Amino acid sequence: DAPEPEQEQKKEVEPVKVDESMLSEQEKKAVDEFAQKIDIKDTNLVLNYGVAAQKSVATFSESALSSVRNKDLGGVGETLSNLVVEVKGFGQEEEKKGLAGLFHKQKDKLELMRAQYGKTETSVNRIVSELEKHQVTLMKDISMMDKMYEKNEEYMKELTMYILAGKLKIEHLRNVELPEYVAKAKETGLPEDAQAANDFANLIGRFEK
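Bear in mind the structure is a predicted one, so any value in this text is a computation, not a measurement. (Residues numbered from 1 in each chain as written. Predicted model: local features only at pLDDT ≥ 70, side-chain atom pairs only at ≥ 80, totals over all residues. Heavy atoms only, no water.)

Colleague: So, the overall build of the protein: which residues are in play, and what are the values?
Modeller: Tallying secondary structure elements over the protein gives seven helices and zero strands in all. Out of the 209 residues in the protein, the part that is buried amounts to 22%. Taking contacts inside the protein between residues at least 6 apart in sequence as the whole, the part at least 24 apart equals 80%. Carbon together with sulfur atoms contributes 55% to the accessible area of the protein, which is approximately 15,300 Å² in total. (Helix = DSSP H or I, 4+ residues; strand = E, 2+ residues; numbered from the N terminus. Buried < 20%, exposed > 50% of the residue type's maximum accessible area, 1.4 Å probe, protein only. Contact = heavy atoms within 4.5 Å. Areas by Shrake-Rupley, 256 points an atom, 1.4 Å probe, with all protein chains shown as cover.)

Colleague: A description of the confidence of the model for the protein should follow, citing residues and the corresponding values.
Modeller: Per-residue confidence for the protein gives a mean pLDDT of 75, with 67% of residues at or over 70. When the elements of the protein are averaged for pLDDT, helix α5 (residues 92–97) gives the smallest value, 50, and helix α7 (residues 191–208) the largest, 93. (pLDDT = per-residue confidence, 0-100.)

Colleague: Talk me through the packing of aromatic side chains; I want residue IDs and the actual numbers.
Modeller: A complete count under the given rule lists five aromatic pairs for this structure. Ring centres 5.7 Å apart and planes at 90 degrees place the aromatic pair F34 and Y162 in the edge-to-face group. One end of the pair, F34, is in helix α1 (residues 25–37); the other, Y162, is in helix α6 (residues 106–188), with 128 residues separating them in the sequence. With centroids separated by 4.4 Å and ring planes inclined at 15 degrees, the aromatic side chains of Y181 and F200 adopt a geometry described as stacked. Of this pair, Y181 sits in helix α6 while F200 sits in helix α7; the two residues are 19 residues apart in sequence, bridging distant segments of the chain. Under the relative-accessibility criterion, F200 is labelled buried at 3%. Members of the aromatic cluster, joined through ring pairs, are F34, Y49, Y162 and F207. (Phe/Tyr/Trp six-rings, centres within 6.5 Å; stacked < 30°, edge-to-face > 60°.)

Colleague: Can you explain α7? Please cite residues and give values.
Modeller: Taking 1.5 Å of rise per residue, the 18 residues of α7 would be expected to cover 26 Å, and the 26 Å separating its terminal C-alpha atoms lies within 8% of that figure. Listing the buried residues of α7 in full gives D193, A194, A197, N198, F200, A201, I204, G205 and F207. (Expected span 1.5 Å × (residues − 1).)

Colleague: An account of the nonpolar core is requested, with residue identities and associated values reported.
Modeller: Grouped together as the largest cluster of nonpolar side chains are 16 residues, with contacts concentrated most on I38, I40, A165, F200, I204 and F207. Breaking this core down by element, the ones donating at least two residues are α1, α6 and α7. The dominant element in this core, judged by the number of residues it contributes, is α6, at five residues. Discounting chain neighbours no more than four positions away, the residues touching I38 are L45, Y49, A165, G166, K169 and F207. (Core = buried A, V, L, I, M, F, W, Y, C linked by side-chain atoms within 4.5 Å.)

Colleague: Requested: an account of the side chain of K169, with residues and values cited.
Modeller: Relative to the helices and strands, K169 is located in helix α6. Buried within the structure, K169 lacks any salt-bridge partner; E177 is the closest side chain of opposite charge, at an N-O distance of 4.3 Å. Side-chain polar atoms of K169 contact the backbone oxygen of I38, separated by 3.1 Å. Setting aside anything within four residues of it in sequence, one finds K169 in contact with A35, Q36, I38, E177 and F207. (Lys, Arg positive; Asp, Glu negative; His and termini not counted. Salt bridge = Lys/Arg side-chain N within 4 Å of Asp/Glu carboxyl O. Polar contact = N/O pair within 3.5 Å; in protein donor to acceptor, adjacent residues only side chain to side chain.)

Colleague: Describe in detail the environment of F60, supporting the description with residues and values.
Modeller: Its location among the elements puts F60 in helix α3 (residues 51–69). Separated by 92 residues in the primary sequence, F60 and N152 place their C-alpha atoms 6.8 Å from one another. If sequence neighbours within four positions are ignored, F60 has contacts with M148, Y149, N152 and Y155.

Colleague: Lay out the pattern of salt bridges in plain terms, naming residues and giving numbers.
Modeller: If you walk through the whole model with that rule in mind, you get three salt bridges. The partner of E25 in a salt bridge is K28, and the shortest N-O contact between them spans 3.8 Å. Placement of the pair is E25 and K28 together in helix α1, with a separation of three residues, close to one helical turn. Given a relative accessible area of 29%, K28 falls into the partly exposed group.

Here it is in structure tokens:
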């Protein structure tokens, strides 16, 4: 009797869950046609399957992260913090002097208050100016992010199509082509046919991984 082809081990990769709803009927048809053209005996095809789509997603992710890292709003935060300290301290100098403050001339008090108001007003105006600049920057960023989101949807759709095509091909290989190899090995009883069935099962496993 011919040796039985080794059964493919089932400890492999867990099935990939993809959202087929994002594809149009035309795209689903394209997936079916592409799946039929996949040749798992082509080592180069197997090694590079879906690489372009994966790189697109990875590049997009890096671009998004880089954009976030390059935004520095710390200057505004620091200015606002300083302003809060300024406002909280407004008038405290007079209060600390207690009874001694009663001997200050009214004119001196008014001059001191004007100086404090002037300093605070300058800080507020500076913050308003900085916030207006950041507002323009953020509006541009929002527009850019919208475009990046649309691009990412395209990349994810492309990757989904690769995954679906691969799953369809694997299903066909396991349910149609592999049983033919196994049946031939049993029929001929030849070791080379049993080895061919085993090799084909391994090719399927490699492509799935």
